[in-house]
Amino acid sequence: MANIKFEYLYRDEGNYKTYGEVIFSNPKQLSVEYITQRIESNLIEGSWFEPNKWNIPRFSFHQHNPFGIYDLLWYEFDCLSQCHETSNSNSIDDFLERIISTAE
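Owing to the predicted nature of the structure, the values given are computational and were not obtained by experimental measurement.

K.L.:
I'd love a proper account of the side chain of Arg 58, names of residues and values included.
P.N.:
Following the sequence through the fold, Arg 58 ends up in the loop between α2 (51–54) and β4 (75–83). By relative accessible area, which is 9% here, Arg 58 ends up buried. Separated by 2.5 Å, the side chains of Arg 58 and Glu 50 make a polar contact.

In structure tokens form, the structure reads like this:
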């Protein structure tokens, strides 16, 4: 059974990029096209998302600012693909439910 790899990135003001990924299980075998469409329809301005709302790990340099307050930074959706890597998160179904519920 193929899992789903969700790839994302953060661009700083100098356009330097840091990449991350989350591997979701896919028990219902949803297609990449279907999942991508659901994700893209919930992005901010077609590209961005707030990682805390979607339960996507922030990069370690964004955990706290010098004052100890969480940054309110958006990350960019990069791509989605099938993979055979071990899942390191919940199911893609749960993820889609989460992003749809936070959009309301």
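Following the structure, the description resumes.
K.L.:
Just give me the short version of the nonpolar core, but keep the residues and values in it.
P.N.:
Of all hydrophobic cores here, the largest spans 22 residues; its most connected members are Phe 6, Ile 39, Phe 49, Trp 54, Ile 56 and Phe 95. Those elements that place two or more of their residues in this core are β1 (3–11), β2 (17–24), α1 (32–40), β4 and α3 (92–103). The residues touching Ile 56, leaving out its near neighbours within four places in the chain, are Phe 6, Tyr 8, Val 22, Phe 24, Phe 49, Pro 51 and Phe 95.

K.L.:
Break down the packing of α1 against α3 for me, citing the residues and quoting the values.
P.N.:
Where α1 meets α3, the axes come as close as 10 Å, and the angle between the chain directions of the two elements is 20 degrees. The angle between the axes of α1 and α3 places the two elements in the roughly parallel class. The way α1 lies across α3 gives a crossing that is left-handed. Seen from α1, the contacting residues are Tyr 34, Ile 35, Arg 38 and Ile 39; seen from α3, they are Ile 92, Phe 95, Leu 96, Ile 99 and Ile 100. Partitioning the contact of α1 with α3 into residue classes produces eight nonpolar, no polar and one charged.

How each quantity is defined
Residues numbered from 1 in each chain as written. Predicted model: local features only at pLDDT ≥ 70, side-chain atom pairs only at ≥ 80, totals over all residues. Heavy atoms only, no water. Helix = DSSP H or I, 4+ residues; strand = E, 2+ residues; numbered from the N terminus. Buried < 20%, exposed > 50% of the residue type's maximum accessible area, 1.4 Å probe, protein only. Polar contact = N/O pair within 3.5 Å; in protein donor to acceptor, adjacent residues only side chain to side chain. Core = buried A, V, L, I, M, F, W, Y, C linked by side-chain atoms within 4.5 Å. Contact = heavy atoms within 4.5 Å. Axes fitted to C-alpha atoms, helices over the stretch in contact; angles between N-to-C directions. Parallel < 35°, antiparallel > 145°, perpendicular 65-115°, else oblique. Left-handed = near helix turned anticlockwise from the far one by under 90°. Nonpolar A, V, L, I, M, F, W, Y, C, P; charged D, E, K, R; others polar.

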